[in-house]
Each structure stands twice: as structure tokens, then as C-alpha cells.
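# Close look at the chain arrangement
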Amino acid sequence: MLKKKIFTPGPTQVHPEVLKATVSHFTYHRSSEFKEFHGQLISKLKKVFLTDFNLNILTTSGTGSMEAAVVNFCKPGEKILYLNQGRFGSRWGAICKANGLKADEVVVSYGDAIDHEKLKSIDLYQYSAIFLTHSETSTATVTDIKTLAALIKKNSNALVIVDGISSIGAIEFRMDEWNIDVAVSASQKGLMTQPGISVIAYSDTAREKMLSNNMPRYFFDLRKELNAQKTFLTSWTPAIGIMYGVDKACDILLADGIESKWEKVHSVADYFRNESRNFGFN
């Protein structure tokens, strides 16, 4: 099984120790053993996101965590802005529109990142939330989230909501330091585990809005998750095996510090790009 190699942006190749963890550990999700494990996993994931705020683990795909971000942190009829620079940037808009939000779009050419000056020209105060994609998988484009978040906070009261599904755990991402309100990720990319769970982290400002939000939601209602998490439980039956895999992946990511992992990914990416050019791919 380990001889098979996966060369895709996600699901990514899974470390043998992570694969082993997903099938070697199991426990009842209402037991004291699981409660202890769940609490420890949340603490580890906060170190990967670099946040001291709120974090929930959801049994769903990355798109599920994106929808959770929309329905929990946007109120019915609010006006939002999303940056469309590829398939996943456009997905933010599709989810927002499906949930009845007034969604304005900034179109970015495929392969390009947003021009900060273009964003400066927009009246950002009209929006309750602005949706960004850190690493646009479909175009291999990385957005300068740090600079954009600072610009948004300076020129609006909007929540900064970021798709970090293919970036968190792999490239530099500092949630609290960059003043990001909501960030989502998933197990099968930077967290280098099989698909099955996603993670959503959010600031106290976002949490307060979520608690008073009357947007219809059920499975993705993070108020339920917060209540369950008081005793280190989950609202619904979780993907327990995948959680144990993510736990082992966090141990690997954090063993030498998350910054070291970012540097390694950057080095490998540079090597791949340079070698590709040597073989005539430009």
C-alpha cells in the first residue's frame, strides 16, 4: 500500500505513521478516553493555526467547513464580498448565494493574486464579511493574506474569512497575528491525512456574532459544537479514525516547530519549480 504515490494537491501523500494511527486507534466518542483525546487534539490544532481562540473539528469535507463559515458568521440578507481567483474562490460566492446572501465579486485573472490597489478602490464598509482564498489550488496562486487582512481591517468592520484548506500546515499562516476572524482547513492537504474531517477556527468577535445569528442551520450549527465542546465532546458522531490520523500528523508537523515545516515545503516547492524548468516546463 505504501508503494503507491499520490502526486495531487489533495488528497496528499499520507505519512506511514499517520496511516497506522487511523487504523490502530479507536474509542467510543462519548467516553472519557475520547474526551481527553479530543481536548488534546484541539490544543495541537490551535498550534498549527497559531490561534488562542475558538476551534471546532467537523466531520465533513473542506467545502462543508466553508459552508459552516458562511451560515454561522453571516446573517440573512447581509452583503458580502468574495475574491474569485479560481475554482475555490468562486465556490465562496456560490455558497454565499445559495444561502441568500448578497454577494459581490472581485474577479482576479487565473494565475494572478489580487492587486491590493484594486481592493483599496472598493468601499469595504458596505460588507459584513470578506471571503479570501489563501492558496488557490486550481491555479497554484498564493495570496498575501497578511496584507489583505490588514487593509480590510483598516477600511471596514467586515469579518475576514479565509479558505486555508490547502495552505494551513504547509505555508506560513498566522491566524491571530494577522487578525483573521475565521479560517477553515481540512484533513487531506496541509494536515496530510486522509479526507474526512475539516477544521474551523474563529475569533471571539466572530463567535459573538455567531451566537446571536438567526441564519438557519442544523448540522453546521457551531453553537451546538461550542456547547458540546464544554465537556470535550462533538455534536455528532465524528470520524474517529481520521481524527487519530490528524493527531499523529500534528505531532509530526509540530515536532520541529511549524515554522520548520513551512521552510521545508518552500524548499521542496522551489526545487520542483526549478527542476521543471530544467526539463522545459515554463
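In what follows, the structure referred to is the one given above.
The structure contained in this document is the topic of the report that follows. (Residues numbered from 1 in each chain as written. Predicted model: local features only at pLDDT ≥ 70, side-chain atom pairs only at ≥ 80, totals over all residues. Heavy atoms only, no water.)

### Here's the deal with the side chain of Lys209
Inspection of the secondary structure assignment puts Lys209 in helix α7 (residues 204-211). Side-chain polar atoms of Lys209 contact the side chain of Glu78, separated by 2.8 Å. If we ignore the near neighbours within four places in the chain, the residues touching Lys209 are Phe73, Cys74, Lys75, Glu78, Ser128 and Leu159. (Helix = DSSP H or I, 4+ residues; strand = E, 2+ residues; numbered from the N terminus. Polar contact = N/O pair within 3.5 Å; in protein donor to acceptor, adjacent residues only side chain to side chain. Contact = heavy atoms within 4.5 Å.)

### A look at the packing of helix α1 (residues 16-24) against helix α9 (residues 240-254)
Packing of α1 against α9 leaves a shortest axis separation of 7 Å and a crossing angle of 150°. As for the relative orientation of α1 and α9, their crossing is right-handed in sense. Facing α1, whose interface residues are Glu17, Val18, Ala21 and Thr22, α9 presents Gly241, Ile242, Tyr244, Gly245, Lys248, Ala249 and Ile252. A class-by-class count of the residues in the contact of α1 with α9 yields six nonpolar, three polar and two charged. (Axes fitted to C-alpha atoms, helices over the stretch in contact; angles between N-to-C directions. Left-handed = near helix turned anticlockwise from the far one by under 90°. Nonpolar A, V, L, I, M, F, W, Y, C, P; charged D, E, K, R; others polar.)

### Regarding the sheet that holds strand β3 (residues 102-107)
Read from one edge of the open sheet, seven strands run β1-β9-β8-β7-β4-β2-β3, paired in mixed fashion. If you trace the sheet from one side to the other, it starts and ends with β1 (54-58) and β3, each paired once. On average, each strand axis in the sheet is inclined to that of its neighbour by 20°, with strand direction left out of account. Most of the contacts of helix α8 (residues 222-229) go to β1, to which it runs at about 100°, and overall it touches β1 and β9 (198-202). (Pairing = 2+ DSSP bridges.)

### Comments concerning the packing of helix α2 (residues 32-49) against α9
α9 packs onto α2 with a crossing angle of 45° between their chain directions and a minimal axis gap of 10 Å. By the angle between their directions, the pair α2 and α9 is classed as oblique. α2 and α9 meet at a crossing whose hand is left-handed. Here Glu33, Phe34, Phe37, His38, Leu41, Lys44, Leu45, Lys47 and Val48 of α2 lie close against α9, whose contacting residues are Ile240, Met243, Tyr244, Val246, Asp247, Cys250, Asp251, Leu253 and Leu254. Residues of the contact of α2 with α9, tallied by class, amount to 12 nonpolar, one polar and five charged. (Parallel < 35°, antiparallel > 145°, perpendicular 65-115°, else oblique.)

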